[in-house]
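Residue-level listing of the chains:
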Amino acid sequence: MRPCRKLLSHFSRFSLFFPKCPHRLFASGTVPEWNRTRGVLGIPIITPSRGIPGNTKSCYTTSVEPIAGEKPFDRACLQSIAVKHLVLDGVDDGALDEEEKREDLGGEKGGILEDFGGDSGVVEVRGREESELEKEAWRLLNRAVVKYCGSPVGTVAADDPAMTNQMLNYDQVFIRDFVPSALAFLLKGEGEIVRNFLLHTLQLQSWEKTVDCYSPGQGLMPASFKVRTLPLDGSNQAFEEVLDPDFGESAIGRVAPVDSGLWWIILLRAYGKITGDYALQERVDVQTGIKLIMNLCLSDGFDMFPSLLVTDGSCMIDRRMGIHGHPLEIQALFYSALRCAREMLTGNESSTNLVRAISNRLSALSFHIREYYWVDMRKINEIYRYKTEEYSHDAINKFNIYPDQIPSWLMDWMPDHGGYLIGNLQPAHMDFRFFSLGNLWAIVSSLATPRQSEGILNLIEDRWDDLVGNMPLKICYPALEYEEWRIITGSDPKNTPWSYHNGGSWPTLLWQFTLACLKMGRPELAKKAIAVAEKRLSNDKWPEYYDTRTGKFIGKQSRLYQTWTIAGFLTSKMFLENPEMTSILTCDEDLNLLEGCVCGLSKKSRVRCSRIAARSQVLV
């Protein structure tokens, strides 16, 4: 065993000393000199001795000495190839024995898990043995696991044997894609891989990242990372493993992953709730990582809206699809991450102002989305009669929306007893497309009101053939076609109508649909969708997405054995068997957010806050 070194601190004042473009050094097959010879602030670190005999691998990171008054960081060890576990001292991993873990997960008998599986990999959930389809899914999910220095740290995006020579970036671990895998492992009682993933991606957060010598804001989480094995000091006998992150500088379109940090915070909360390991959330480096993400999202800008302003392609829809501005998916994840961060931040003097800022933003964001993004038959009829060019604080048509923007397909498509949150809202523009992930996560996080949440599920049930069809679930509806497709997507050959992001069906959305249905007490809808998916997924080799209006064909460029398709199915089944476990991700309605209005305009006689002037301040 090699000597231990402390994990990298993530305080913002250290970022000035990081080298430029470490990913370029990795790509060239060399190891950055700063990683071998010194840590930040020029503090020397112990590195593996030169000329290590045999085929040896090592893993290590830069380090800093503890700062006075702060907790010591946990220690990550340099390891030989024979080492199987990431050794951490500072948190007692053995504090919970197996019986205590079972009690945390629901009790010794009749709890969530009756058996952690052993060598067979078979889990009995409340006395029910897994089906052959679930066993196959678990085998494929375990095959996709990526190890770093002998310890599991994530799962590859896809493991299609037929595409070995054309992997592109599907052999990387994506933060977004790993979430359903993490949930499946957590629900099975395997928390090590999730803990390692959270800590290692946290280390990557502090790296310097550049595109054309320009660095994005501090706190950005990478879209993905890959474990690379490189020769140590040019030796052909000694090797080391390094984590090579991608912050968007290698992605198609070079778009920064806005949602990665939001998913990381959501997963961190879920990990603590299901394992009881709240000590991880309280670590200094983890607390600092949360603060960096929150500070980045809450930083001042030119925007007048409480929603998060982002570029096109900055989320699950990572290609040009006309979602630049304030897309619903980002707002729903942003709201959820704000709720989770406020819950996890430790109560100390340094966090007080941040917690206050989070609460203020939550209040403004919840009102903004509920009031201006929601459409049903009543709202559409109101927009249809809008007057334009209104200049006043009491204007009804606050965003100068032109009634002719209402698409013809929406008139007949909208059911009488249902509605949804539109895809985007900007001055003189409402994107009336239905985006599944944003609407489902609005239910999960309670961004939507209880009445709106019921309306969203009513719409999905009423328009089942359009949104579910032969494979759940449409990523968006309807597809962009003809001239609209050419102008908005730039004639994207992958996002052709009813394919990929442009109206394609994505099985991974099944777990989020299940989560939303269980939260609203509608398990029958989730069961119906899962039954549709079960008929095809295995025979079709677990594709990434499906094409056509009803999801009848496997996507024309769809990868097979897509990991988050596999994990999404498993997570859906496990949530359905254990509906009480949905609390690890859901948030209840917070009525205090609806009462607060921090702008102070209500006290002035000349103008009125839009919240006070709105006719439906609280939709219940």
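Quick note: structure is the one above.
Everything numeric here is computed off the predicted structure, so don't read it as measured data. (Residues numbered from 1 in each chain as written. Predicted model: local features only at pLDDT ≥ 70, side-chain atom pairs only at ≥ 80, totals over all residues. Heavy atoms only, no water.)

**Q** Where do I start with helix H5 (residues 175–188) in this structure?
**A** Because an α-helix packs 3.6 residues into every turn, residues spaced three or four apart end up facing the same way. Taking 1.5 Å per residue as the helical rise, H5 with its 14 residues ought to reach 20 Å, and the 20 Å between its terminal C-alpha atoms agrees with that figure. Of all 14 residues in H5, 14 are buried; the element is thus mostly enclosed. Gly 189 lies just past H5 and shows a positive phi near 95 degrees. (Helix = DSSP H or I, 4+ residues; strand = E, 2+ residues; numbered from the N terminus. Expected span 1.5 Å × (residues − 1). Buried < 20%, exposed > 50% of the residue type's maximum accessible area, 1.4 Å probe, protein only.)

**Q** For this particular structure, what's the right way to read the packing of helix H10 (residues 328–344) against helix H11 (residues 349–372)?
**A** In helix packing, the relevant descriptors are the interaxial angle and the interaxial distance, both defined with respect to the helix axes. Here H10 crosses H11 at 145 degrees, and the two axes come no closer than 10 Å. For H10 against H11, the interelement crossing comes out left-handed. Contacts from Leu 328, Gln 331, Phe 334, Tyr 335, Leu 338, Arg 339, Ala 341 and Arg 342 in H10 reach Val 355, Ile 358, Ser 359, Arg 361, Leu 362, Leu 365, Ser 366 and Ile 369 in H11. Tallied by class, residues from the contact of H10 with H11 come to 10 nonpolar, three polar and three charged. (Axes fitted to C-alpha atoms, helices over the stretch in contact; angles between N-to-C directions. Left-handed = near helix turned anticlockwise from the far one by under 90°. Contact = heavy atoms within 4.5 Å. Nonpolar A, V, L, I, M, F, W, Y, C, P; charged D, E, K, R; others polar.)

**Q** How should the packing of aromatic side chains be read in this particular structure?
**A** Working definition: an aromatic ring pair is given by the centre-to-centre distance plus the angle between the planes. Scanning all chains against the criterion turns up 22 aromatic pairs. An angle of 65 degrees between the planes, with centres 5.2 Å apart, marks the rings of Trp 263 and Trp 441 as edge-to-face. In this pair, Trp 263 sits in helix H7 (residues 258–275) while Trp 441 sits in helix H14 (residues 436–444), placing the two residues 178 residues apart along the sequence. Ring plane angle 70 degrees and centroid distance 5.5 Å describe the contact between Trp 409 and Trp 413, whose orientation is recorded as edge-to-face. Of this pair, Trp 409 and Trp 413 both sit in helix H13 (residues 408–413), four residues apart, roughly one helical turn. By relative accessible area, which is 6% here, Trp 413 ends up buried. An aromatic cluster is present here, built from Trp 409, Trp 413, Tyr 420, Phe 434, Tyr 477 and Trp 498 joined pairwise through their rings. (Phe/Tyr/Trp six-rings, centres within 6.5 Å; stacked < 30°, edge-to-face > 60°.)

**Q** Whenever I open this one, the pairing of strand E10 (residues 238–246) confuses me. Can you help?
**A** Remember that side chains alternate between the two faces of the sheet whenever the strand is regular. Most of E10 sits inside the fold, with eight of its nine residues counted as buried. Of the pairings in the sheet, the one linking strand E9 (residues 224–231) to E10 comprises eight bridges and is antiparallel in character. Residue pairing in the sheet places Leu 230 in a bridge with Glu 240 of E10. Taken together, E9 and the strand that follows it, E10, pair antiparallel across an intervening segment of six residues, in which Asp 233 is found at a positive phi of about 55 degrees. (Pairing = 2+ DSSP bridges.)

**Q** Mind showing me how you'd approach the environment of Val 227 here?
**A** The topology assignment puts Val 227 in strand E9. Counting along the chain gives 16 residues from Val 227 to Leu 243, while the straight-line C-alpha distance between them is 4.8 Å. Non-local contacts of Val 227, meaning those with residues more than four positions away in its chain, are made with Val 146, Lys 147, Tyr 148, Val 153, Glu 241, Val 242 and Leu 243.

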